[in-house]
Amino acid sequence: MTGKIRYIGFAFLAALLALTSCRDLALQPVFYALSQEVPLGDDKGFPDVASVFKMVKFNDTGTDYYLAAAGRLYVRGVLATDTWTVVAPPPGLANAMCNTLEILGTDIYAGFYDNTDGSGYGLWTSPAASFPIWTEVMTEPNDVEITLLKNVGGQLFVGTNANDGTGNALYYGNGAVFTLVDWAVDPPVEVGFLDVAQATIGGSYWILVGGSLYQNAAIGGAFTVYSAGAGSPPVSPLSGPPVSGGLFDDGVALYVSAGNGHLYRTDDGGTNWTKTTTAIPNVDGESTARFTAFAAPGADVGAIYVGTQSQGYYRIADGNVDVPTDITRQPAYNITALYSGSLNCLFYDAVNLRLFLGTNGSGLWRGDYASGYVWTWKQE
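Calculation rules
- Residues numbered from 1 in each chain as written.
- Predicted model: local features only at pLDDT ≥ 70, side-chain atom pairs only at ≥ 80, totals over all residues.
- Heavy atoms only, no water.
- Helix = DSSP H or I, 4+ residues; strand = E, 2+ residues; numbered from the N terminus.
- Buried < 20%, exposed > 50% of the residue type's maximum accessible area, 1.4 Å probe, protein only.
- Contact = heavy atoms within 4.5 Å.
- Areas by Shrake-Rupley, 256 points an atom, 1.4 Å probe, with all protein chains shown as cover.
- 1 Å grid on protein atoms, 1.4 Å probe; cavity = no way out; pocket = protein on both sides within 12 Å on 5 of 7 lines; lining within 4 Å.
- Points joined across faces, edges and corners; volume = space filled by probe spheres on them.
- Nonpolar A, V, L, I, M, F, W, Y, C, P; charged D, E, K, R; others polar.
- Phe/Tyr/Trp six-rings, centres within 6.5 Å; stacked < 30°, edge-to-face > 60°.
- Pairing = 2+ DSSP bridges.
- Polar contact = N/O pair within 3.5 Å; in protein donor to acceptor, adjacent residues only side chain to side chain.
- pLDDT = per-residue confidence, 0-100.
- Salt bridge = Lys/Arg side-chain N within 4 Å of Asp/Glu carboxyl O.
- Core = buried A, V, L, I, M, F, W, Y, C linked by side-chain atoms within 4.5 Å.
- Axes fitted to C-alpha atoms, helices over the stretch in contact; angles between N-to-C directions.

Asks: What's the story with the overall build of the protein chain in this structure? I'm lost.
Replies: Looking only at helices and strands, the protein chain has three helices and 30 strands in total. For the protein chain, with 380 residues in total, the buried portion stands at 49%. A fraction of 48% describes how many contacts in the protein chain between residues 6 or more apart in sequence connect residues 24 or more apart. In the structure as shown, the protein chain presents an accessible area of about 16300 Å², 56% of it carried by carbon and sulfur atoms.

Asks: Which parts of the structure should I look at to understand the layout of surface pockets?
Replies: Gaps left between atoms show up when a probe the size of a water molecule is rolled over them. For the largest pocket, the calculated volume is near 1500 Å³. Residue assignment for the lining of the largest pocket shows that the elements contributing at least two residues are strand E1 (54-60), strand E5 (96-104), strand E9 (145-152), strand E14 (193-198), strand E19 (245-249), strand E23 (291-295) and strand E27 (343-349). The dominant element in the lining of the largest pocket, judged by the number of residues it contributes, is E9, at eight residues. Of the residues assigned to the lining of the largest pocket, the class counts are 26 nonpolar, 16 polar and seven charged.

Asks: Could you clarify how one ought to interpret the packing of aromatic side chains in this entry?
Replies: Remark: the centre distance and the inter-plane angle together describe each pair of aromatic rings, the angle taken between the planes. Taken as a whole and assessed by the stated rule, the structure comprises 25 aromatic pairs. Here Phe46 and Tyr74 contribute two aromatic rings whose centre-to-centre distance is 4.7 Å and whose plane-to-plane angle is 45 degrees, an arrangement assigned as tilted. A residue pair is termed long-range when its members are at least 10 positions apart, and Phe46 in the loop between helix H2 (29-36) and E1 and Tyr74 in strand E3 (residues 72-77) qualify at 28 residues. The two residues Phe46 and Tyr74 agree in class, both being buried.

Asks: I would appreciate a short explanation of the pairing of strand E22 (residues 272-275) in the present structure.
Replies: Successive side chains on a regular strand alternate, one facing one side of the sheet and the next facing the other. Pairing between strand E18 (residues 230-231) and E22: two bridges, direction parallel. What sits directly across from Gly231, in E22, is Trp273. Two elements, strand E21 (residues 263-266) and E22, share two bridges in a ladder whose sense is antiparallel. When the bridges of E22 are listed, Tyr264 appears paired with Lys275. The hairpin formed by E21 and E22 contains five residues between the paired strands, and Gly269 there has a positive phi angle of roughly 75 degrees.

Asks: Explain the side chain of Arg315 to me, please; I cannot follow it from the model alone.
Replies: Relative to the helices and strands, Arg315 is located in strand E25 (residues 313-316). Here Arg315 falls in the buried class, since its relative accessible area comes to 14%. Of the polar contacts made by the side chain of Arg315, one reaches the side chain of Asp300; its length is 2.6 Å. Ignoring any residue separated from it by four or fewer positions in sequence, one finds Arg315 in contact with Asp300, Ala303, Ile304, Tyr305, Asp326, Ile327, Thr328, Gln330 and Tyr373.

Asks: What should I look at first to understand the sheet that holds E21 in this one?
Replies: The pairing of strands in a sheet comes from backbone hydrogen bonds and takes either a parallel or an antiparallel form. Read across the open sheet, the five strands follow the order E18-E22-E21-E20-E19; overall the sheet is mixed. The sheet is open, and its two borders are formed by E18 and E19, each paired with just one other strand.

Asks: I keep staring at the environment of Leu247 and nothing clicks. Help me out?
Replies: You can see Leu247 is positioned in strand E19. Residue classification places Leu247 among the buried residues on the basis of a relative accessible area of 3%. With 34 residues separating them in the primary sequence, Leu247 and Leu213 have C-alpha atoms 9.7 Å apart. Discounting residues that sit within four places of it in the chain, Leu247 has contacts with Lys150, Asp195, Val196, Ala197, Trp206, Ile207, Leu208, Leu213, Tyr255, Val256 and Phe294.

Asks: Can you walk me through the confidence of the model for the protein chain in this structure?
Replies: Caution applies to low-pLDDT parts of the model: their predicted coordinates are not meant to be read in detail. Of the residues in the protein chain, 89% reach a pLDDT of 70 or more, and the chain-wide mean stands at 88. Per-residue pLDDT stays below 50 along residues 1-38; that stretch engages in 45 contacts with residues further than four places along the chain or on separate chains.

Asks: What exactly am I supposed to notice about the pattern of salt bridges here?
Replies: Any two side chains of opposite charge can pair, given that their charged atoms come close. Scanning the entire structure with this criterion turns up 10 salt bridges. Among the ionic pairs, Asp195 bridges to Lys150, the shortest N-O distance being 2.8 Å. Of this pair, Asp195 sits in strand E14 while Lys150 sits in strand E9, and the two are 45 residues apart along the sequence. One salt-bridge network, in which partners are shared between bridges, spans Asp42, Arg76, Arg354, Arg366, Asp368 and Glu380.

Asks: Would you take a moment to explain the nonpolar core for this structure?
Replies: One recurring pattern in soluble globular proteins: nonpolar side chains tend to sit buried together. In this structure, Phe58, Leu67, Leu73, Leu101, Ile108, Phe112 and Trp134 are the most contacted members of the largest nonpolar core, which totals 20 residues. Ignoring anything within four residues of it in the chain, the contact list for Leu73 reads Leu67, Ala68, Thr85, Val86, Val87, Cys98, Leu101, Ala110, Phe112 and Trp134. Ranked by size, the runner-up nonpolar core spans 17 residues in total, among them Ala299, Tyr305, Ala337 and Leu338.

Asks: So what exactly am I meant to see when it comes to unusual backbone geometry here?
Replies: Leaving glycine out, the prevailing phi sign among residues is negative, and the prevailing peptide bond configuration is trans. Going from Ser236 to Pro237, the amide bond is cis rather than trans, its omega being 0 degrees. The residue Pro237 is located in the loop between E18 and E19 in this model. You will see that Asp143, though not glycine, has its phi angle at about 60 degrees, which is positive. In this fold, Asp143 is placed in the loop between strand E8 (135-136) and E9. Despite not being glycine, Asp318 has its phi angle at roughly 55 degrees, a positive value.

Asks: Just checking my understanding: could you explain the sheet that holds strand E28 (residues 354-359) for this structure?
Replies: Across the sheet, which stays open at both edges, the four strands sit in the order E27-E28-E29-E30 with antiparallel pairing between neighbours. If you trace the sheet from one side to the other, it starts and ends with E27 and strand E30 (374-379), each paired once. Averaged over all neighbouring strand pairs, the angle between strand axes comes to 25 degrees, with direction disregarded. Pairing geometry for strand E29 (residues 364-371) and E30, over six bridges, is antiparallel. Looking at the pairing, Trp365 lines up with Gln379 of E30.

Printed below as a string of structure tokens:
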């Protein structure tokens, strides 16, 4: 584990010496951050260069823990002094890795695979109250790579890839018995499943399949590519390869993000939509932002956050995706791993007022809530 203070080259020594006594809030954000000489890590035992794909919080016999899927599974308590340790995979699995994770009821679910060839060991579960005591889920899907786990409406959605040429599949179930999602027209077998959500208003279900958005009034019926809605609805395909995007319902509205630089919102279950007035550009100036996952950190009241693949995350004030001034790139000062980083997941701990960002190759970052929309960032 390397030290967590980020150092500046000797070329900037004179500037730093001038800034050490400076606390001028009128400075540009990056210079103010330098003047503060802010340490960016707590050295809590999490690998600095890990890719973090999913994070949850659970309770084991009265004590809260964080659990993160980052190739290996990592666990730590929620206290400020707690550090991360590696969770052993199920016994007998050689070279087992895990990038998928979810909680359904009182149980933790995780997908394990063989990192030598990507072949899947399948879906495993452990009671949260006696974690980790692993049991393999023997009904379909089993013995395949698990690519997606999401608890939606009390159903566990499980995306799989057989790695044998038969392509991808999506199941839903109660954690023990699963059913294949039905499609009016089967999606291409080579296209993976990005996300699933249920709209609070109306209860409809939504699935991002590659760059296309599918919808159905309820699970059990056939999902079709969504092509309705008034205003500015999402029109598939939303993303060219490599695809990206996410779905999120905060209890007020359903949000859709995509790799085409646009964000979409409906607060009536898909009848009417608003979207970003113009596509948000990528930092290269030659393409559009590729959005990923969402979060609603309740400490920042009414705001929705959405990650990207190369420029950190954006804050959407009051969820107003159609108001350009309400969409701002964050954090307000340049921590390269975040401001220019690729984010796989966002996780908010409402009890401890912490926002976690799971990056692609830059480890796990914790934002401790300060005020307004300001977070104090540390690399775990």
